[in-house]
Amino acid sequence: MSTYKFPHNFLWGAATAAYQIEGAWNKDGKGESVWDRFSHTSGKTTNGDTGDVACDHYHRFEEDIAIMRQLGLKAYRFSISWPRVLPGGRGRINARGLDFYDRLVDAICAANLEPLLTLHHWDLPQVLQDQGGWDNRDTAYAFADYTALMVKRLGDRVRSWTTFNEPSVIAFIGHLTGEHAPGIKDVRIAYQTAHHLMLAHGLGVQAIRGAKSGLEAGIVLTLWPHEPASDSPEDVSAAAEAWDRNETVFLDPIFKGHYPTAMIDFLGEKMPRTKDGDLALISQELDFLGINFYSRHVVKASQGNVKTIPGSEYTEMGWEVCAPALRRLLVRINSEYRLPPIYITENGSAFKDEISPDGKVHDSRRLEYFKQHLIQLRLAMQDGVDVRGYMAWSLLDNFEWGYGFSKRFGLVHVDYESQKRIIKDSGEWYAKIILANQIVE
Ligand code: FCB
């Protein structure tokens, strides 16, 4: 039997995002977001699901915070809906939208939870999209103004500020494959978007620090290790190339101050347009790096990503369960970059859940997923990686973007008809781990 003890101040929490849980899509003066527009367009999401109501968290946040207390969470990671506070993206403030976040943050603090705030988790105001969205450099400046507004309003209670959640997903799923809002499929726009997101991040960090001192500014990246299918030199070099092409597009500008050579070689004339000083802004020191980890890619030179590895378990998303890849990833980036303290800002799994006759949700595979990843995380910390906290994805089952409500990631089951919440076995287990501050296996 082994015991994995965590440091006494380790920050245990859970995460959500505004569009995935809030609902109230047009309530109290909220403006339309690109996700409202996208999900309202037929054929874009599974079953035509939308975030119009989602978990109705806008009206039920107090109940949800009570659940967080029951779980014993120490932190709650959530995001602000930009069009709820600035319906036109800039300019006129929607006081009722701002009041909502004020009440939410008050309630989080009253419950003794540390609020970890993300400014942008994909729901860009549609008005800004109509003006070119992230392909338009001006959007980065609008983001900085929005950031300053939020810091002035909430900076007295919120210490931890994340500019963006997963810029790669906005750039490449939103603008290259088109499976996410705004549904664009264009290589040039995708990489220009990537650059403008980076610029907005840099301007945002500046705006956070300019609006108030003593806050912590960071960004959240999703990282998928690309690991070779075998030891053959071909597979090893194909995996290295895939990593360079995909995962360093954001890591390098932020932590090294330049775009990766692999990206420059690959894009040639399609490299995004930049201005002098952009990279200096982008590579400002950060107070933390958030990492979202779900799985890895296994690369075979002859066929690219291997779909199914014999003997491996897969989640409902089709993602391989491979916890040791988390430890390898952390150790690798820790040696290749000079990183600030790390938080795991998302980690979790979608499995088919059912409510058993005893009224409970016995989600043993999700529980095991959390356990194995936390053990590997602890081992990475022993290897010398400075990890300060872990946010389970997600507090609640919620609107999983293009998949609508068909994928459940929650520690808490949500019945979307009745809005009834049930803490799953994984949630009960997580509460015990937090209380003990250790895992025994
Ligand atoms: C991440 C997103 C999060 C959620 C999980 C499953 O990429 O940040 O909103 O959809 O995947």
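What comes next concerns the included structure. (Residues numbered from 1 in each chain as written. Predicted model: local features only at pLDDT ≥ 70, side-chain atom pairs only at ≥ 80, totals over all residues. Heavy atoms only, no water.)

1. Notes on the site of the ligand
Operational definition: One heavy atom suffices: a residue is near a molecule or strand as soon as one of its heavy atoms comes within 4 Å of it. Whenever a nitrogen or oxygen atom comes within 3.5 Å of another N or O atom, the pair is scored as a polar contact, on the condition that within protein one atom can donate a hydrogen and the other can accept it, and that pairs from neighbouring residues in sequence are kept only if both atoms are in side chains. Values of accessible area rely on a 1.4 Å probe in the Shrake-Rupley scheme; residue burial ignores everything except the protein chains shown. Using protein atoms alone on a 1 Å grid, points that fit a 1.4 Å probe yet trap it form a cavity, whereas open point sets bounded by protein on both sides within 12 Å along at least five of seven lines form a pocket; residues with an atom within 4 Å of a point count as lining. A molecule is said to be in a cavity or pocket once over half of its atoms fall within 2 Å of that pocket's grid points. When residues are sorted by character, Ala, Val, Leu, Ile, Met, Phe, Trp, Tyr, Cys and Pro go into the nonpolar class, Asp, Glu, Lys and Arg into the charged class, and all the rest, Gly among them, into the polar class.
Looking at the ligand, the residues that line it are Gln20, His121, Trp122, Asn165, Glu166, Asn292, Tyr294, Glu346, Trp393, Glu400, Trp401 and Phe409. Note that an oxygen atom of the ligand is positioned 2.7 Å from one of the side-chain N or O atoms of Glu400. Here the ligand has 300 Å² of accessible area as a free molecule, and 95% of this is covered by the chains. In a pocket analysis with a 2 Å cut-off to the grid points, the ligand is assigned to the largest pocket. A class-by-class count of the residues in the shell around the ligand yields five nonpolar, four polar and three charged.

2. Some words on the sheet that holds strand β10 (residues 304-305)
Short version of the rule: Between any two strands, pairing holds if DSSP finds at least two bridges. Note on conventions: DSSP H or I runs of at least 4 residues are helices, E runs of at least 2 residues are strands, and numbering of each starts at the N terminus. Whether two residues are in contact is decided by their heavy atoms, any of which lying within 4.5 Å being enough. Interaxial angles span 0 to 180 degrees and are taken between N-to-C directions of axes, which are lines fitted to C-alpha atoms, for helices over the stretch in contact.
The strand order β7-β9-β10 describes an open sheet built from three strands, whose pairing is mixed. The sheet terminates laterally at β7 (226-228) and β10, the two strands that pair on one side only. As judged from the three bridges shared by β7 and strand β9 (residues 297-300), these two strands associate in the parallel manner. Of the residues in β9, the one forming a bridge with Glu227 is Val298. Helix α10 (residues 233-246) contacts β7 and β9 of the sheet and is inclined by roughly 175 degrees relative to β7.

3. Observations regarding the layout of surface pockets
Using a probe with the size of a water molecule, rolled over the atoms, empty space left in the structure can be pinpointed. Stated precisely, the cut-off is as follows: Grid points are joined across faces, edges and corners, and a volume is the space filled by probe spheres set on the points.
The calculated volume of the largest pocket comes to roughly 1,600 Å³. Residue lining of the largest pocket: 50 residues in total, with Val169, Ile173, Trp224, His297 and Trp319 positioned closest to the centre. If you list the elements that add at least two residues to the lining of the largest pocket, you get α8 (167-175), β6 (216-222), α10, α11 (248-256) and β9. In terms of residue class, the lining of the largest pocket is made up of 26 nonpolar, 14 polar and ten charged. Size it by volume and the second largest pocket reaches roughly 230 Å³. What lines the second largest pocket is a set of 14 residues, and nearest its centre among them are Asn9, Leu11, Arg159, Tyr343 and Arg388. Every element with two or more residues in the lining of the second largest pocket is listed here: β4 (114-120) and β12 (387-393).

4. Details of the pairing of strand β3 (residues 75-79)
This is how it is decided: To sort residues, take the accessible area from a 1.4 Å probe on protein chains only and compare it with the maximum for the residue type: under 20% means buried, over 50% means exposed, and anything in between is partly exposed.
With respect to burial, β3 is a largely interior element, five of its five residues being buried. Along β3, one buried face is formed by Ala75, Arg77 and Ser79 and the opposite face, lined by Tyr76 and Phe78, is buried too. Judged from the three bridges that link them, strand β2 (residues 11-15) and β3 form a sheet pairing that is parallel. Of the residues in β3, the one forming a bridge with Ala15 is Arg77. In this sheet, β4 lies alongside β3 in parallel orientation, the contact comprising five bridges. Pairing of Arg77 across the sheet is with Leu116, part of β4.

5. Focus: the sheet that holds β12
Within a sheet, adjacent strands bond to each other through the backbone by hydrogen bonds, running parallel or antiparallel. Around the barrel, eight strands lie side by side as β2-β3-β4-β5-β6-β8-β11-β12; this closed barrel has parallel pairing. Sheet twist, expressed as the average angle between the axes of neighbouring strands with direction ignored, equals 25 degrees. Strand direction decides the pairing type here: β2 and β12, joined by five bridges, are parallel. If you follow Ala14 over to β12, its bridge partner there is Ala392. Against the sheet, helix α16 (residues 425-436) engages β2 and β12, with an angle of about 155 degrees to β2.

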